[in-house]
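Coordinate analysis (summary)
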Amino acid sequence: MGNLTDCDIRTWRLMAAAVITAEFAPPPALLIPRTMPYAVIARIAMHTAFSCLEPRQLITFSGLMIGTYGAFAV
């Protein structure tokens, strides 16, 4: 694990679990008309943040994902 401490490893595992939860939670909310606008906003914000973190590697993926949320708004 290199120079990571046990605390660092626990922190990164917790962060990874939070991101996975954030990825799985909004799709069901997209199917419910009352929560759909909030889910769309949350997903757009998340993919915009991904683009800010790794712009070169994720710009195509994040751009396509943000674009597809327009289909839910119609």
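Anything mentioned here points back to the structure above.
First, a word on what this report is: a plain description of the structure on this page.

The rules behind each value
- Residues numbered from 1 in each chain as written.
- Predicted model: local features only at pLDDT ≥ 70, side-chain atom pairs only at ≥ 80, totals over all residues.
- Heavy atoms only, no water.
- Helix = DSSP H or I, 4+ residues; strand = E, 2+ residues; numbered from the N terminus.
- Rg over C-alpha atoms; globule rule 2.2 N^0.38 Å.
- Contact = heavy atoms within 4.5 Å.
- Areas by Shrake-Rupley, 256 points an atom, 1.4 Å probe, with all protein chains shown as cover.
- Lys, Arg positive; Asp, Glu negative; His and termini not counted.
- Charge placed at Lys NZ, Arg CZ, Asp CG, Glu CD.
- Core = buried A, V, L, I, M, F, W, Y, C linked by side-chain atoms within 4.5 Å.
- Buried < 20%, exposed > 50% of the residue type's maximum accessible area, 1.4 Å probe, protein only.
- Axes fitted to C-alpha atoms, helices over the stretch in contact; angles between N-to-C directions.
- Parallel < 35°, antiparallel > 145°, perpendicular 65-115°, else oblique.
- Left-handed = near helix turned anticlockwise from the far one by under 90°.

1. With respect to the overall build of the protein chain
Counting its secondary structure elements, the protein chain contains four helices and zero strands. Reading the protein chain from its N terminus to its C terminus gives the helix and strand order α-α-α-α. Its C-alpha atoms give the protein chain a radius of gyration of 15 Å, more than 25% over the compact-globule value 11 Å for 74 residues. The principal-axis extent of the C-alpha atoms belonging to the protein chain is close to 50 × 30 × 10 Å. Of all intrachain contacts in the protein chain linking residues separated by at least 6 positions in sequence, the fraction that spans at least 24 positions is 30%. For the protein chain, the exposed surface amounts to about 5,700 Å²; the carbon and sulfur share of it is 73%. Distance between charge centroids for the protein chain: 9 Å, based on 5 positive and 4 negative side chains.

2. Digging into the nonpolar core
Ala-29, Leu-30, Ala-39, Val-40 and Tyr-69 form the largest nonpolar core, which has five residues in total. Every element with two or more residues in this core is listed here: helix 2 (26–30) and helix 3 (36–53).

3. Quick word on the packing of helix 1 (residues 6–24) against helix 3
In a packed pair of helices, the relevant descriptors are the angle between the two axes and the axis-to-axis distance. One can describe the packing of helix 1 onto helix 3 by two numbers: an axis separation of 11 Å at closest approach and a directional angle of 135°. Compared by their axis directions, helix 1 and helix 3 come out oblique. The element helix 1 and its partner helix 3 pack so that their crossing is left-handed. Contacts from Val-19, Ala-22 and Glu-23 in helix 1 reach Arg-43, Met-46, His-47 and Phe-50 in helix 3.

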